[in-house]
Amino acid sequence: MNSSNTELLVNKIGRYLPFLYPTYDVYQLLFIFIFSFPSYILHATIAVTIIKSWKTSDYLKSPYFKVVVVGSFTDIIDNFAFYTFFFTTELSIVAEYLNENANTVHLVIYITFYIISKWTYNMQNINYLFIAIIRFLSIFYSNSYYQYIDKNYQYLQMLVIVYSSILPLLSRPYCSLPYNFDYEKQMYFNGGKRGAFKCKYPFGYSRKEYYLIHVIMLHSIIVISIILTIIILFKIKKLNKITDEFSVNTVKKGAKEKRMTRYVVLLGIVQLIRLIQDHCYYANVKINGYDESIRYIVFGLKPFICALWMFVNAVSIIFISKTLKDAVFKNLKLDIAYMKLFSGNMVTSISYNPNIIQDMNHEKKKKIII
């Protein structure tokens, strides 16, 4: 078995895409934080805008948007905690410093951010289940079970928080000094330094045993959420096919349902990607029986994927609702620029269809596609 460094997949790809290596320098760190910072502003603005609207808008005060608010704050905390923890192990300059100077204070900081990042990661996944359930009940049982969610939202959200808090305690927050370089896997680091404190799973779990627990307690939730999302999509399409009335209210409601469901679908895609990432990490997939490059490539991509997801998620939330979009743009002072960019096209479109309102009043549409 030849396992020379030149044959490793990470090195073959890394020649052309060096950011795939799971070690980082200061410039990469700076790029990631600069890219993430606008997302922090967007998420914070979205959350504050929705909260401020609760006095005047029952729509934005619904459980759906309350979960969105929790999700926005969770995304900010998760992103910051993840980067802080991640770069204590993956940033070469930090690894070199801790290898020489690590003490109890560093250890406590390391464990704290590890637990926070795990907790918020779990919150994101379980919140996805919560929002998928809300969409499912609002479509299938809008007059019964959905009202139960509405009345007991705070208790259900607290249940999500508590459950998310249990899972990190089953992982590896049990760490001790010293901080050591990972010499065993240095062939995957392209000369960079990577290290960690000595950590272990509780009750003598191995990594594979923990992965089984992880699958049962978290991945199963993701799978259920994705199944619910698929059912929701089919239900909405079915409702569109049987709708034979055409009115402004019907169209508006259909468009609203589409936007709200589209966001849940986006969450589902992201959770599916995360599920695959977890599998590549914990299952320790090996190429030709020895090459663990896939695991370390996933490690290398993770910070960039997190930064991209933060931005895409924020933009997707903004466009769930026109009311929300207008309010967020106004708070960010972007409303004038947005109107200048798009109002011209809107006016032109209307000017070429002077009879559109009359047509809507005199015609019926047999099928509405959302």
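Residues numbered from 1 in each chain as written. Predicted model: local features only at pLDDT ≥ 70, side-chain atom pairs only at ≥ 80, totals over all residues. Heavy atoms only, no water.

**With respect to the state of the cysteines**
Simply put, the disulfide is a covalent bond whose two ends are the sulfur atoms of two cysteines. How we decide: Cysteine sulfur atoms are paired as a disulfide whenever they fall within 2.5 Å. Labels follow the DSSP assignment, with helices taken as runs of H or I lasting at least four residues and strands as runs of E lasting at least two, numbered in each case from the N terminus.
Tallying each qualifying case throughout the model produces one disulfide. Across the disulfide from Cys175 sits Cys199; the S-S distance is 2.0 Å. Classification of the bridge connecting Cys175 and Cys199 rests on its S-S torsion, roughly 105°, and on that basis the disulfide is right-handed. Of this pair, Cys175 sits in strand β1 (residues 174-181) while Cys199 sits in strand β2 (residues 195-200), and the two are 24 residues apart along the sequence.

**As for the packing of aromatic side chains**
For clarity, the cut-off: Only rings of Phe, Tyr and Trp enter the pairing, Trp through its six-membered ring, and a pair is recorded when the two centres are within 6.5 Å. The plane angle decides the type: under 30 degrees is stacked, over 60 is edge-to-face, the rest tilted. The buried label goes to any residue with under 20% of its type's maximum accessible area, the exposed label to any with over 50%, and the partly exposed label to all in between, with areas taken from a 1.4 Å probe on protein chains only.
Enumeration over the complete set of coordinates arrives at 29 aromatic pairs. Considering the side-chain rings of Phe35 and Phe311, the 6.4 Å spacing of their centres and the 50° angle between planes classify their relative orientation as tilted. Taken together, the residues span a long stretch of sequence, with Phe35 in helix α2 (residues 26-53) and Phe311 in helix α10 (residues 293-318) at a distance of 276 residues. A relative accessible area of 35% places Phe311 in the partly exposed class.

**Digging into empty space enclosed by the protein**
Which entries qualify depends on this criterion: A 1.4 Å probe that fits into a set of points on a 1 Å grid over the protein atoms alone but cannot get out defines a cavity; an open set with protein on both sides within 12 Å along at least five of seven lines defines a pocket, and lining residues are those with an atom within 4 Å of a point. Grid points are joined across faces, edges and corners, and a volume is the space filled by probe spheres set on the points. We call Asp, Glu, Lys and Arg charged. Ala, Val, Leu, Ile, Met, Phe, Trp, Tyr, Cys and Pro are nonpolar, and the rest, Gly among them, are polar.
Per the counting criterion, the structure on display carries two cavities of 30 Å³ or more. Taken as a whole, the largest cavity holds about 150 Å³ of empty space. Around the largest cavity, the lining is made up of 14 residues, and of these Gly71, Gln124, Asn127, Tyr263 and Leu267 lie nearest the centre. For the lining of the largest cavity, the secondary structure elements donating two or more residues are α3 (63-90), α5 (104-140), α9 (248-282) and α10. A per-element tally of the lining of the largest cavity places α3 first, with five residues. Partitioned by chemical class, the residues of the lining of the largest cavity number seven nonpolar, six polar and one charged. For the second largest cavity, the calculated volume is near 50 Å³. If you go around the second largest cavity, the residues you meet are Asn122, Leu167, Leu170, Tyr210, Ile213, His214, Met217 and Leu218. Considering every element that reaches the lining of the second largest cavity, the biggest residue donor is helix α8 (residues 207-242), with five residues.

**Quick notes on the pattern of salt bridges**
Using the following cut-off: One speaks of a salt bridge when a side-chain nitrogen belonging to Lys or Arg is within 4 Å of a carboxyl oxygen belonging to Asp or Glu.
Per the counting criterion, the structure on display carries five salt bridges. Between Glu292 and Lys185 there is a salt bridge whose closest N-O contact spans 2.6 Å. Here Glu292, found in the loop between α9 and α10, pairs with Lys185, found in the loop between β1 and β2; they are 107 residues apart in sequence, far enough to count as distant. Both residues of the pair, Glu292 and Lys185, count as buried. For Asp326, the salt bridge is made with Lys322, and the minimal N-O distance between the two is 2.9 Å. Within this pair, Asp326 and its partner Lys322 are both found in helix α11 (residues 322-331), separated by four residues, close to a single helical turn. For Asp326, a relative accessible area of 35% puts it in the partly exposed group.

**So, the UniProt feature "transmembrane region" (unreviewed entry) in the chain**
Short version of the rule: UniProt positions are given in the numbering used here, feature names are shortened, and annotations may be inferred rather than shown by experiment.
If you check UniProt for "transmembrane region" (unreviewed entry), the listed places come out as residues 26-51, 63-86, 126-146, 211-234 and 296-320 in our numbering. Taken end to end, residues 296-320 is 92% helix and 0% strand, and its two terminal C-alpha atoms sit 36 Å from one another.

**Things to note about the nonpolar core**
For the record, the criterion: Working definition of a nonpolar core: buried Ala, Val, Leu, Ile, Met, Phe, Trp, Tyr and Cys residues. They are joined through side-chain atoms within 4.5 Å. Residues count as neighbours in contact if any of their non-hydrogen atoms are within 4.5 Å of one another.
Formed by 72 residues in total, the largest nonpolar core has its most connected members in Tyr64, Tyr83, Phe87, Ile131 and Tyr263. The greatest single-element share of this core, amounting to 12 residues, is contributed by α5. Among all residues touching Tyr64, those that are not within four sequence positions of it are Ile131, Ile134, Arg135, Met260, Tyr263, Val264 and Ile320. Counting residues in each nonpolar core, the second largest holds 12 residues, with Tyr110, Tyr179, Phe181 and Cys199 among its members.

**Details of the environment of Ile294**
By secondary structure assignment, the location of Ile294 is in helix α10. C-alpha of Ile294 to C-alpha of Leu8: the two residues are 286 residues apart in sequence and 9.8 Å apart in space. Every residue in contact with Ile294, bar those within four places of it in the chain, is listed here: Leu9, Cys280, Val285 and Ile287.

**Some points on the side chain of Ser39**
By the secondary structure assignment, Ser39 is in helix α2. For Ser39, a relative accessible area of 0% puts it in the buried group. Those residues in contact with Ser39 that sit more than four places away from it in its chain are Ala307, Met310 and Phe311.

**Section: unusual backbone geometry**
Backbone phi values are negative for most residues with the exception of glycine, while trans is the configuration of most peptide bonds. A cis amide bond, omega 5°, links Leu177 with the succeeding residue Pro178. Examined against the element boundaries, Pro178 turns out to sit in strand β1. A positive phi angle, near 60°, is found at Phe203, a position not held by glycine. Relative to the helices and strands, Phe203 resides in the loop between β2 and α8. Note on Phe203: relative accessible area 70%, which makes it exposed. With a phi angle near 60°, Asn288 is a residue other than glycine that sits in the positive phi range.

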